[in-house]
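A closer look at the structure
Chain residues, written in single-letter form:
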Amino acid sequence: FLMGIYTRSIFLTVTCSSYILLSIPVSLFIYKVVFRILYFDFIHVVVIFIILGIGADGTLVVIDAFNQSKGLFEHQLDRLIYSFNRSTTAVFTTSFTTVVAFIVTAFVPVVPISTFGIYAALCVAVNFIFVCTIVPSTVLLWDKWFSKSSASTVRSHADLSSTKDSADILQGLKGKSNLCFDRLYVPFFRKHKKGLVLLGLAVGAVGAIGVTNVSQLTKPEQWFPDGHMQSNYVESLVLEYLSGEEEQYVQLTVFWGVESIERDRLGRYAGDIDNYQDEITFDEGFNFSDFQTRLEIIRACELIENYTCDINTCLGFNTVVLPDSNGYQGLCTMREFHSWWNVTVQTPISIANETELYASLNQFLAENPELVPHIGLVNGIVRFFSLEYRLTLPFLAPGTEVSNYIDMLNTIVADFKASAPSSLQTMNYASLRFVDYSLELTLQDTVIRGLGITIPVVFLVLLVSSGNWIVASFSVLTIGFIVSTVLGFVFTILGWELGIAESIVSIMIVGLSVDYAIHLGHMFTVAGKDEGIYPREDKFQYSILTMGPTVLAGGATTLGAGAFLFGAQITFFEKMGVLLTLTVACSLFFSLIFLMSALAWFGPEGTQGNIHCFSKREIEQSKTKDEPISTDATV
């Protein structure tokens, strides 16, 4: 709808929107058939809203470039070459940086998140191909069939290197689509550019301070809003369900005999849990038949059960595991086996041979089938052995409390291994709550690593595409302000905590915030390289007149796509909508206000800051401007 208002063409709106949507199934084909990734979850649906905004932005860049070529060329081929050269670099830069941001997400060792990053990167890449191939062809057909306007100035493509007064070029850019920019924006920013730069710096600094308020989760990840029936169900199940009180506490498993687990990481992408081919390497030194080994495992039970801590650290208890009560008793499997042996078998267990030991063990397991998972009989030999306790850690405890218990358990394991024989050095522990906490830490590290990778990549891409280190530096600073302001707002004002959803979108913000800064900065350098415009304020005017309407239209379409996420009941979608709209709003503010004011105030003039060879036209005009005029015929 918004694209239709901007282009004023039903044909362009329908066809270009279809191409954007077509990139989704084409990417899905590559994702599932070519890459053989079958895992597809609900978070992958968010890609639809992201690609709608990104695709509309790239499409509008191509359409505007073609429309602005009317005053330069008569033949469609010349107009196509001009618009293609001008738009492809900007669209490639924005698409590439967005793909990099999603690829960083793909390296998260969590299948739903990594596959989301892969699928989103594919969608952006396929959309870029469509924008550079199908969209220009469609624009040509639209111009041939529906456009009735004619070129006011005739130029051939070979005339691009000819000299033309910058005032004439700027005058030719003025039209109905950028009337507000020409009459209101340009005069206002020329007059107040210094104050607007200071305003942008102040807002960016406040956002950076707000980022320091980021915190880990103080409660478990919540996927539905308060009051939703699913949230009420979980709360009732935990707090009101008539089960043992110990069910509210985290279950701990301590085990021996497992040396390592080789994960079938590629198999996880197939989406079939039952066919995972994980390979377990058992500790060949673990010997269940050895009496001293079994006594050492019982000693480990005593270490765990008797480990004390202060009431604050252990959340109202003075032990790391729940004390035995009428309704609960910790499971020291080895002690249970020895107690059963002393009652059932006449031979002292300390002198039992291996044959008698295993025969009695099989009888013990037949009488106590609930203990079979804790005694790993593989081909008739015990390869692993485990204990089970309930920690004094509530299942809904925040990550900071979980960290305290992990530290205490590490101390227990270290104390045991200090005097344990070599056959029991594989002692380890596990808990589902610890897995959740490890996921939180992994996502936080991914955010830091992702920002550390994507921002330098953005700078390098901008440096190559613009060919000017000053413009690239201003653009990266603008992107940094966008990221810090968005994150500072959600973590300080909205009170968010760094969970799964926040970690994913924090990485994506960089990719989503580069578009407008890149478009405007790119046209600022194009003014000098291709049009021979050298005064910074004229380059500023050229950039805003050629790309300002496109940036506003692209922002409007992305805001429209993100607005539909606010009605979702799953909090991940709602947070994605908040981040998407906030990112677009901040991108428009910092790109149109801070970046353009900075370029108008102290942006590069002439060839200042350029890093590569100048074009023929640029060199000629630079000589004309910089060399003194001489009357000597030999000069």
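Structural data are supplied above this passage.
If you're wondering where the values come from, they're calculated on a predicted model, not measured in any experiment.

So, on to the pairing of strand β5 (residues 381–394). Here β5 lies mainly inside the structure; ten of its 14 residues are buried. Both strand β1 (residues 249–256) and β5 contribute to a ladder of seven bridges, which runs antiparallel. Residue pairing in the sheet places Q251 in a bridge with R390 of β5. Linking strand β4 (residues 375–378) to β5, which pair antiparallel, is a turn of two residues; within it N379 sits at a positive phi near 55 degrees.

Ranked by internal contacts, the top residues of the largest apolar core, which has 119 residues, are F116, Y185, M508 and I544. The dominant element in this core, judged by the number of residues it contributes, is helix α19 (residues 571–602), at 18 residues. Once you skip the residues sitting within four places of it in the chain, F116 turns out to touch I43, H44, V46, V47, I50, F102, I504 and M508. Formed by 55 residues, the second largest nonpolar core is a distinct cluster that contains L252, L361, M408 and A420.

In the structure shown here, the tally under the stated rule is two disulfides. A disulfide bridge connects C301 with C332, and the sulfur atoms are separated by 2.0 Å. Sign of the S-S torsion, about 85 degrees for the bond between C301 and C332, identifies this disulfide as right-handed. Of this pair, C301 sits in helix α10 (residues 291–306) while C332 sits in the loop between α10 and α11 (333–344), and the two are 31 residues apart along the sequence. Its relative accessible area of 0% is what places C301 among the buried residues.

What follows is about the packing of aromatic side chains. Enumeration over the complete set of coordinates arrives at 27 aromatic pairs. Look at F40 and Y119: their rings are 5.5 Å apart centre to centre, the planes differ by 75 degrees, and that puts the pair in the edge-to-face class. With F40 in the loop between α2 (10–34) and α3 (46–68) and Y119 in helix α5 (residues 111–145), the pair connects residues that are 79 residues apart, well separated along the chain. Taking the relative accessible area as the measure of exposure, F40 reaches 36% and is therefore partly exposed. Among the aromatic residues, ring-to-ring pairing joins F288, F337, W340, W341, Y358, F364 and F385 into one connected group. Sitting over the face of the ring of F66, R79 holds its NZ or CZ atom 4.0 Å from the ring centroid. Of note, R294 hangs over the ring of F288, and the distance from its end group to the ring centre comes to 5.8 Å.

Of all bends in helix α18 (residues 536–563), the biggest is about 45 degrees, found at M547, and the proline P549 comes one to four residues later. A large share of α18 lies buried, amounting to 21 of its 28 residues.

What follows deals with a nonpolar patch on the surface. On the surface, a cluster of nonpolar side chains totalling about 380 Å² of accessible area is made up of F29, V33, V34 and F35. Mapped onto the fold, F35 is located in the loop between α2 and α3.

Take the packing of α10 against α11 next. Two quantities define a packed helix pair, namely the angle between the axes and the distance from one axis to the other. Running from N to C, α10 and α11 point in directions that differ by 125 degrees, and their axes come no closer than 8 Å. It follows that α10 is oblique to α11 by the angle criterion. Crossing of α10 over α11 shows left-handed handedness. The segment α10 lies against α11, with F291, R294, L295, I297, I298, C301, E302 and E305 engaging M334, R335 and H338.

Looking now at the side chain of D64. When you line up the elements, D64 lands in helix α3. For D64, a relative accessible area of 8% gives the class buried. What D64 contacts, discounting residues up to four positions off in sequence, is Y6, R86, P549 and T550.

What counts, and where the lines are drawn
Residues numbered from 1 in each chain as written. Predicted model: local features only at pLDDT ≥ 70, side-chain atom pairs only at ≥ 80, totals over all residues. Heavy atoms only, no water. Buried < 20%, exposed > 50% of the residue type's maximum accessible area, 1.4 Å probe, protein only. Helix = DSSP H or I, 4+ residues; strand = E, 2+ residues; numbered from the N terminus. Pairing = 2+ DSSP bridges. Core = buried A, V, L, I, M, F, W, Y, C linked by side-chain atoms within 4.5 Å. Contact = heavy atoms within 4.5 Å. Disulfide = S-S within 2.5 Å. Phe/Tyr/Trp six-rings, centres within 6.5 Å; stacked < 30°, edge-to-face > 60°. Lys NZ or Arg CZ within 6 Å of the ring centre and 35° of its normal. Bend = angle between axes of the 7 residues up to and from the residue. Patch = residues over 30% accessible without salt bridge, like charges linked within 9 Å, V, L, I, M, F, W, Y side chains within 5 Å. Areas by Shrake-Rupley, 256 points an atom, 1.4 Å probe, with all protein chains shown as cover. Salt bridge = Lys/Arg side-chain N within 4 Å of Asp/Glu carboxyl O. Axes fitted to C-alpha atoms, helices over the stretch in contact; angles between N-to-C directions. Parallel < 35°, antiparallel > 145°, perpendicular 65-115°, else oblique. Left-handed = near helix turned anticlockwise from the far one by under 90°.

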